[in-house]
Amino acid sequence: MKSLKLAAIIENLDQFISFVHTCSEECGFEGKGAMEIELAVEEALVNIFNYAYPDGEGKVEMQYALKEGKKFVIEIRDKGIPFDGLSRPDPDTTADIENRKIGGMGIFFIKKLADEVRYIRNGDMNVLTIVFLV
């Protein structure tokens, strides 16, 4: 399992995306598939950068593995405030834009792009697992 751990700041987004791009290519993704992985990871990371550490800077770690020869599994870990966006209902995408609640579209977007998304709070750590089928 390869991993990358950096400060949870927007300036490190390019390094994380480059890492996941290289990893997804190694696992056989290209074109649209690789782009969808990068978009899902970017959305998750930007949420962490913006909301996980309101009192200061923290770290975020991303790991990936190819499991069962067909599952590209990305784990994103942080010790920020607990947040399980998956437990919230999906936003009403049929409502007029003026009547929609703010927030929730990022997690919804990740769920639509990925084949599987899971969240657990493991001790003091948020663990978001995003799975794409090869």
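The structure this text deals with has already been given above.
Let me sum up the structure you'll find in this document. If you're wondering where the values come from, they're calculated on a predicted model, not measured in any experiment.

Here we come to the packing of aromatic side chains. A complete count under the given rule lists four aromatic pairs for this structure. Consider the rings of F16 and F49, whose centres lie 6.3 Å apart with planes at 40 degrees: the pair is tilted. Taken together, the residues span a long stretch of sequence, with F16 in helix α1 (residues 13-26) and F49 in helix α2 (residues 31-51) at a distance of 33 residues. Geometrically, the ring pair formed by F29 and F72 is tilted, given 5.6 Å between the ring centres and 50 degrees between the ring planes. In this pair, F29 is assigned in the loop between α1 and α2 and F72 in strand β3 (residues 71-78), connecting sequence segments 43 residues apart. The same class applies to F29 and to F72, which are both buried. Taken together, F19, F29, Y64 and F72 form an aromatic cluster joined through their ring pairs.

Calculation criteria
Along each chain, numbering runs from 1 in the same order as the chain's sequence is written. Predicted model: local features are reported for residues with pLDDT of at least 70 only, side-chain atom pairs are reported and counted for 80 or more only, and whole-chain, interface and lining totals are derived from all residues. Here the side-chain values reflect all heavy atoms present in the structure, with hydrogen atoms and water set aside. Aromatic pairing here means that ring centres of Phe, Tyr or Trp (its six-membered ring) are within 6.5 Å. Orientation follows from the plane angle: under 30 degrees is stacked, over 60 is edge-to-face, and everything else is tilted. By definition, any uninterrupted DSSP run of H or I lasting at least four residues is a helix, any uninterrupted run of E lasting at least two residues is a strand, and each is numbered from the N terminus. Exposure categories follow from relative accessible area, calculated using a 1.4 Å probe and restricted to protein chains: below 20% of the type maximum is buried, above 50% is exposed, and the middle band is partly exposed.

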